[in-house]
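Working through the structure, step by step
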Amino acid sequence: MIRFILLQNRQGKTRLAKYYVPLEESEKHKVEYEVHRLVVNRDSKFTNFVEFRTHKVIYRRYAGLFFSLCVDITDNELAYLECIHLFVEILDHFFSNVCELDLVFNFHKVYLILDEFILAGELQETSKRAIIERMSELEKLQQ
Amino acid sequence: MEGYDVDFGHMEAVSLISAPKYPEKQDEKNRWGYLFESSLGIKLEQSEMKIIESKIYILFPALGILFSLIGSRYVGYIVTSCLLNENHDFLRLAINTVRNDIIGRNETFQCLALTLDSEPLTSLKPVGNIGGRDFAESLAPDVQKLLVSDPQDDMLWISSSCRPLVRKKAALCLLRLFRKNPDAINVDGADRMAQLLDERDLGVLTSSTSLLVALVSNNHEAYSSCLPKCVKILERLARNQDVPQEYTYYGIPSPWLQVKAMRALQYFPTIEDPSTRKSLFEVLQRILMGTDVVKNVNKNNASHAVLFEALSLVMHLDAEKEMMSQCVALLGKFISVREPNIRYLGLENMTRMLMVTDVQDIIKKHQSQIITSLKDPDISIRRRALDLLYGMCDVSNAKDIVEELLQYLSTAEFSMREELSLKAAILAEKFAPDLSWYVDVILQLIDKAGDFVSDDIWFRVVQFVTNNEDLQDILKPYAASKAREYLDKIAIHETMVKVSAYILGEYGHLLARQPGCSANELFSILHEKLPTVTTPTIPILLSSYAKLLMHAQPPDPELQKKVWAVFRKYESSIDVEIQQRAVEYFELSKKGDAFMDVLAEMPKFPERQSSLIKKAEDVEDTADQSAIKLRAQQQPSNALVLTDPQPVTGAPPPLKVPTVTDRSLSQPNGSLSSIDPQTPSADLLSDLLGPLAIEAPPGTVSTEQHGPIGAEGAPDEADGSAIVPLDEQTNTVEVIGNIAERFHALCLKDSGVLYEDPYIQAGLLLTELLRPIGLKAEWRGHHGRLVLFLGNKSTSPLTSVQALILPPAHLKLELSPVPDTIPPRAQVQSPLEVMNIRPSRDVAVLDFSYKFGTNVVSAKLRIPAVLNKFLQPLQLTSEEFFPQWRALSGPPLKLQEVIRGVRPLALPEMANLFNSFRVTICPGLDPNPNNLVASTTFYSESTGAMLCLARIETDPADRTQLRMTVGSGDPTLTFELKEFIKEHLITIPTGSRALVPATGAAAPPPPPPVAQPPSPAALADDPGAMLAGLL
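No experiment lies behind these values; they were computed from the predicted model shown.

Helix and strand content of chain B: 41 helices and 16 strands. Across the 1031 residues that make up chain B, the buried fraction comes to 58%. Taking as baseline every contact in chain B between residues at least 6 positions apart, the subset at least 24 positions apart corresponds to 70%. As displayed, chain B has an accessible area near 41600 Å², and 55% of this comes from carbon and sulfur atoms.

All right, on to the overall build of chain A then. Of regular secondary structure, chain A possesses five helices and seven strands. Ordered by position from N to C terminus, the α and β elements of chain A give β-β-α-β-β-β-α-α-α-β-β-α. Long-range contacts, defined here as pairs at least 24 residues apart, represent 46% of the contacts in chain A between residues at least 6 apart. Carbon and sulfur atoms make up 49% of the accessible area of chain A, which amounts to about 4900 Å² in all.

Residues and elements named next belong to chain B. Pairing is antiparallel across the open sheet formed by three strands, whose spatial order is β6-β9-β10. Both edges of this open sheet fall to β6 (799-806) and β10 (855-862), since each of them pairs with a single strand only. Each strand axis lies, on average, 10 degrees off the axis of its neighbour in the sheet, ignoring direction.

Before going further, it helps to examine the packing of helix α19 (residues 367-374) of chain B against helix α21 (residues 398-411) of chain B. Residue and element names in this part refer to chain B. Contact geometry of α19 with α21 gives a least axis separation of 11 Å together with a crossing angle of 15 degrees. Regarding the angle of α19 to α21, the classification is roughly parallel. For α19 against α21, the interelement crossing comes out right-handed. Across the interface between the two elements, Q367, I371 and L374 from α19 touch D400, I401, E404, L405 and Y408 from α21. Considered class by class, the residues forming the contact of α19 with α21 number five nonpolar, one polar and two charged.

Our focus in this paragraph is the pairing of strand β1 (residues 2-9) of chain A. All names here are of chain A. The buried fraction of β1 amounts to eight of the eight residues, a majority that puts the element mostly inside the structure. As paired elements, β1 and strand β5 (residues 65-71) share seven bridges and run antiparallel to each other. From the neighbouring strand, L7 faces β5, where its bridge partner is F67.

Once that is clear, we can look at the nonpolar core. With 225 residues, the main nonpolar core has F117(A), L284(B), L542(B) and Y545(B) as its most contacted residues. Here this core gets 12 residues from one element, more than from any other, and that element is helix α2 (residues 77-95) of chain A. In contact with Y545(B), other than residues within four places in its own chain, are F523(B), L526(B), H527(B), L530(B), V563(B), V566(B) and F567(B). Of all hydrophobic cores here, the second largest spans 55 residues; its members include L786(B), V801(B), L861(B) and F870(B).

All names here are of chain B. The final tally for this structure, using the stated rule, is zero disulfides over all chains. Free of any disulfide, C230 has its nearest neighbouring cysteine sulfur in C226, separated by 6.6 Å. For C230, a relative accessible area of 0% puts it in the buried group.

For the structure shown, the criterion picks out 19 aromatic pairs over all chains. Relative to F87(A), the ring of F67(A) has its centre 6.2 Å away and its plane inclined at 75 degrees; by these criteria the two rings are edge-to-face. Pair noted here: F67(A) is in strand β5 and F87(A) is in helix α2, with a separation of 20 residues, a long-range link. Residue classification places F87(A) among the buried residues on the basis of a relative accessible area of 4%. Here F523(B) and Y545(B) contribute two aromatic rings whose centre-to-centre distance is 4.7 Å and whose plane-to-plane angle is 70 degrees, an arrangement assigned as edge-to-face. With F523(B) in helix α27 (residues 519-529) and Y545(B) in helix α28 (residues 538-551), this pair connects stretches of sequence that are 22 residues apart. Y545(B) matches F523(B) in its accessibility class, with the two residues each being buried. Its end group placed over the ring of Y390(B), K423(B) keeps NZ or CZ at 5.0 Å from the ring centre. The ring of W885(B) carries the charged tip of K894(B) above its face, separated from the ring centre by 4.2 Å.

Time to look at the pairing of strand β3 (residues 49-52) of chain A. Residues and elements named next belong to chain A. Neither face of β3 is left uncovered, since the one carrying F49 and E51 and the one carrying V50 and F52 both have all their residues buried. Bridge count for β3 against strand β4 (residues 55-62) is four bridges, and the pairing is antiparallel. The partner of F52 across the bridge, within β4, is H55.

Looking now at the side chain of R417(B). Residues and elements named next belong to chain B. Here R417 is to be found in helix α22 (residues 414-431). Here R417 is buried and forms no salt bridge, its nearest opposite-charge partner D451 lying at an N-O distance of 7.4 Å. Within the local environment of R417, its side chain forms a polar contact with the backbone oxygen of A412, the two atoms lying 3.1 Å apart. The residues contacting R417, other than those within four sequence positions of it, are L409, S410, A412, K448 and F452.

Sheets are built from strands paired through backbone hydrogen bonds, the pairs being either parallel or antiparallel. Residues and elements named next belong to chain A. Taken together, the five strands give an open sheet; going across it, the order is β2-β1-β5-β4-β3, and neighbouring strands pair in antiparallel fashion. Edge positions in the open sheet fall to β2 (14-19) and β3, since each of these has one partner strand only. With strand direction ignored, the average angle separating the axes of adjacent strands in the sheet is 20 degrees.

For A63(A), which is not a glycine, the phi torsion comes out positive at approximately 50 degrees. For N240(B), which is not a glycine, the phi torsion comes out positive at approximately 55 degrees. On the basis of relative accessible area, N240(B) is assigned to the partly exposed category, the value being 39%.

Before going further, it helps to examine the pattern of salt bridges. Evaluation of the coordinates by the stated rule reveals 52 salt bridges over all chains. Close ionic contact of R383(B) with E51(A) constitutes a salt bridge, the shortest N to O distance being 3.5 Å. Here R383(B), found in helix α20 (residues 379-392), pairs with E51(A), found in strand β3, and the two come from separate chains. By relative accessible area, E51(A) is classed as buried at 15%. R239(B) is paired through a salt bridge with E282(B); the nearest N and O atoms lie 3.9 Å apart.

Turning our attention to helix α13 (residues 255-265) of chain B. Extensive coverage of α13(B) is indicated by the burial of 11 of its 11 residues. All buried positions along α13(B) are accounted for by P255(B), W256(B), L257(B), Q258(B), V259(B), K260(B), A261(B), M262(B), R263(B), A264(B) and L265(B).

What follows concerns the environment of F975(B). Structurally, F975(B) is set in helix α39 (residues 971-986). Separated by 136 residues in sequence, F975(B) and P839(B) have C-alpha atoms that sit 9.2 Å apart.

On to the confidence of the model for chain B, then. The predicted coordinates ought not to be read in detail in places where the model reports low pLDDT. All names here are of chain B. Taken as a whole, chain B shows an average pLDDT of 69; of its residues, 63% reach a score of 70 or greater. At the low end of the mean pLDDT range in chain B sits helix α1 (residues 11-16), at 29; at the high end sits α13, at 95. Confidence over residues 149-158 falls short of pLDDT 50; this stretch has 17 contacts with residues more than four positions distant or in other chains. Across residues 989-1031, confidence stays below pLDDT 50; counting only partners more than four residues off in sequence or on other chains, it has 95 contacts. Overall fold confidence for the complex sits at a pTM of 0.60, while the interface term, ipTM, reaches 0.97.

Right, let's get into the side chain of T974(B). Residues and elements named next belong to chain B. Mapped onto the secondary structure, T974 falls in helix α39. Taking relative accessible area as the criterion, T974 reaches 0% and is therefore assigned buried. Here D970 takes part through its backbone oxygen, which lies 2.9 Å from a polar atom of the side chain of T974. The contact partners of T974, leaving out residues within four places of it in the chain, are P892, L893, K894, L895, V966, G967 and S968.

Let's shift gears to the packing of helix α38 (residues 907-916) of chain B against α39(B). All names here are of chain B. Between α38 and α39, whose axes approach to 11 Å, the crossing angle comes to 135 degrees. Classified by the angle their axes make, α38 and α39 are oblique. Handedness of the α38/α39 crossing: right-handed. Contacts between α38 and α39 pair M910, L913 and F914 from the former with I981, H984 and L985 from the latter. Grouping the amino acids of the contact of α38 with α39 by side-chain chemistry returns five nonpolar, one polar and no charged.

On to the environment of G12(A), then. Residue and element names in this part refer to chain A. You can see G12 is positioned in the loop between β1 and β2. Judged by its relative accessible area of 25%, G12 is partly exposed. Sequence spacing of G12 and L65 is 53 residues, and the spatial spacing of their C-alpha atoms is 9.3 Å.

What counts and what doesn't
Along every chain, residues carry numbers that run from 1 in the direction the sequence is written. Labels follow written order: the first chain is A, the first ligand is 1, and so on. Residues qualify for local features only when their pLDDT is at least 70, as the model is predicted, and side-chain atom pairs are given and counted only at 80 or more; totals for whole chains, interfaces and linings, by contrast, use all residues. Working from all heavy atoms in the structure, the side-chain values ignore hydrogens and water. Every helix listed is a DSSP run of H or I at least four residues long, and every strand listed is a run of E at least two residues long, numbered separately from the N terminus. Partly exposed residues are those whose accessible area sits between 20% and 50% of the maximum for their type, while under 20% is buried and over 50% is exposed, using a 1.4 Å probe and protein chains only. Contact between two residues is taken to exist if any of their heavy atoms lie within 4.5 Å; hydrogens are not considered. Reported accessibility uses the Shrake-Rupley method at a 1.4 Å probe radius. Residues are deemed covered only where the shown protein chains occlude them. At least two bridges found by DSSP between two strands are what make those strands a pair. Throughout, an axis means a line fitted to C-alpha atoms (over the contacting stretch in the case of helices), and angles, computed between N-to-C directions, take values from 0 to 180 degrees. Should an angle lie under 35 degrees it is considered roughly parallel, over 145 roughly antiparallel, and from 65 to 115 roughly perpendicular; all remaining angles are considered oblique. Crossing handedness is read from the near helix: turned anticlockwise from the far helix by less than a right angle, it gives a left-handed crossing, and turned clockwise, a right-handed one. Here the term charged refers only to Asp, Glu, Lys and Arg, the term nonpolar to Ala, Val, Leu, Ile, Met, Phe, Trp, Tyr, Cys and Pro, and the term polar to all other amino acids, Gly among them. Nonpolar cores are built from buried Ala, Val, Leu, Ile, Met, Phe, Trp, Tyr and Cys residues. Side-chain atoms within 4.5 Å join them into one set. Pairs of cysteine sulfur atoms within 2.5 Å are identified as disulfides in what follows. Ring pairs shown here join Phe, Tyr and Trp side chains whose ring centres sit within 6.5 Å, with only the six-membered ring taken for Trp; geometry is labelled stacked below 30 degrees between planes, edge-to-face above 60, and tilted in between. To sit over a ring, a charge needs its Lys NZ or Arg CZ within 6 Å of the ring centre and within 35 degrees of the ring normal. Working convention for charge: Lys and Arg count positive, Asp and Glu count negative, and His plus the chain ends are omitted. Definition used for salt bridges: Asp or Glu carboxyl oxygen within 4 Å of a side-chain nitrogen of Lys or Arg. Pairs of N or O atoms within 3.5 Å make up the polar contacts considered here, provided that, within protein, one atom can donate a hydrogen while the other can accept it, and that residues adjacent in sequence are counted only when both atoms are side-chain atoms. Confidence of the prediction at every residue is given by pLDDT, a number between 0 and 100.

Next up, the structure:
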């Protein structure tokens, strides 16, 4: 199960944080700080997995952004690693050539996409098309 | 939107949404802005927050009626997800609306509601927990209906008309509710679950399989009908039949669904049905053979994700030899590839493989590559390599592996040293080809990473050396000469000083003929280290000096002079242990023969299981890497474990040098509750230093603390009866210390341990599962504040922790809620407010229970909020005392009683007793020296601050009787205080006293009377218990 998803830039600014377990506010800050410190200095030749407390963090770097998933120790690492990539592909498709600023200014849309992609800490939908279609449906509703 | 959790730091985004803070205007746009703002967690003033909260109250119930616009519903959900955990009542309101949305016809609202449900709304506060359960219980049936059509169900139209969109959300929502409360989904949902797996839509199937994984991990038997369906899904994907293009990822049919389906299969113990088994193995075979390394990273990752899951499944199913060897060959390939992720997983899975099947020979071929991985720059890989090396070690390769570990130890980073040194020590012990090698390894280990070498490790070395029985015993001189070599180093670790001092003291004389090893020289080199060591090492050094002196042949007057000088110097040491040894060795060394006897060579230690190996086994128990075990064990837990930073992956818990408390608590317990009294404990320390300190008088036992209460809190099985058992299972837990005594000690003190028990597993003596409950107190007038702290010293969490106060009528007690679970090695505190309403001697009771594993332990403990806690010492002069005394005319304000059968006490002792319960003796007021006069102030709500006076007239001829007069401005108080003092004069405070409700208050039943604690002599006879305190 995914415990939380963090999207952080190299400076450690958290651009998106979604927790699937209840955590106190102060604990969230601590977690974000620690995860950033854990992943930011790792060489690109290193594995994409790193132990974090009693769990492990699966992370992937896209330009200056780190996508980190905290999952259970027994979870399939590579599956979650590709899950990050799929999420990035969806974002890329939705924003057409996504960049950090898109995520900053359209954060609510990013959350919407994430809610269509992952729910309750588990994958909900792996079809890019289904998610993009759902997004346009939602956008229509809001007008 | 859509109920997303908006607690991130996007202040910049907030500023984009311009809106006033107060949504007084009713237009839609403004409300949006306001709600965004409140959702985003901007810190508002307290008053502003109140306004918002009151608005929410109005806003939410009206949602359905007032705001037909979808936008407003979004708003409602956003606000709900933000505020829900803070307001319990509000939550109940919300449930109805959410429920209506779920069963309603509007798909958009359904989605909203389901997404909201899937949020981890539950805060860590207990209130939120209740809410979460409510949610789960009341919503689960409705959510279930969304998922599958049920012919008998009126709600048929929902599921049939539901788009996959709603159904996949419903599946995961149900998963969330299930995790929250496993009872929310009943087992007869199994058919529905199976039905769900027939789904064509792969999105719904992905979500449903996640739900299935959670359900089968809880109870695989109930869901056995789902097993063939999982295999069907796998077949469908593996053959790429009926898989829409959008669900293939880089040409692989939904790798995630494949992984999930195989994961679910790993929760079923076996596959009975031969045809299902056959088709599954066909699929697995296809995956194992058909996965090639390709250039595209994503494709490669995805295909290997499936491959590694297949490997896990094969391992779990314990397939035929052929397939297993195929897997091993694959893993062998993986651990030598360059791609870091694959190598990491190769190492990890190979370690798992080791536990399932015998692959030693194949792995050994890769030993050099694994050792290369141990030097990889990436710590993740290094850890896996270390695990694998540890797992693959046996007699044949132990030397190489341990030497690699030792070599690596000098360069390893701090975070890994601990684990490394423990593993090296365990392997050296388990597979040592000869003992001198073992001694070498451990000494090197101490030299390189002394901080991480626990006492256990060096005790074990000493034990081996002492017990060695070779005919030409070369080990002892060998160990001694090695120890001597290390002492030449300029800076050595303190543990090295300890072990060298011990070995040289015992066997130094064996080296006497070698240059530089005469007793005198050994003494000098040891003595050089003395200024650098801490207090616990000094006694060991003193013992070594004494032994060196004794062994010096012929007697060396020069050495004697030096050693005596040291003893004399430490005769006045502030440390009792050092002082005692110095004095006793000094005296003994004058005695000649007796000296030889006392300091004769140590006898052999009884053989026993190594505490290290035991520790390692414990570690394996808790942190077993085996996929199967872990998966089987893994409960759907919601919380990230945050208190305990130990990694679970086979890494041992931090090896700490046992603290004094640890040892003293576990030791007496181990020795007294042990099943086999001949081998009282696995604590090597006691044996090691046993004979050295036999001459120590029993008095030293008191240096061994059982918490702040002192030595009298000795364990006694009879005290177990002081716990009121909840059920039979409670019998397995034994209380450490005497509850009644702890209570009485706390009556006179402000902090200390109230209750403590170990969890005793049959035969295992060194259970580190001590859970002391302590109280810290602060008293102000009639208010008191206590802190109840509950510490879990075991390595697994304590669950269902409950603490309930049963207050007597005269006390108002408020205990802050205790968390349901105490994580391993964590301590929780909850404040307890006490208010004294009126004088009474009744005692409040804490009904306390927790669950350890399947055992429920419960205890009823008296809370030491007794009468004297509300007394304030007060000393009066005769001018102040006598007018008051005379003003109290007689009964009921002033009561007099002749008390017989008093415990005989000398007058000063009695004065001390009075002072200890805060009734101050005013000396010199009474002209008769045999009388005592005392005063104090009592605080309670009904009496306010009330002066109390007392006079004791003793009879010098007969100390067992006295006349007591007590007076105060309140008749109840006078009576209660008189009785209180009487109780303390008659009974010894350690005995239990009757708790007769004096004021007719409904007092809870007191714990049954307990036996007296065992005599201190019994404790002193046990050298183990005695010695535990010595170091």
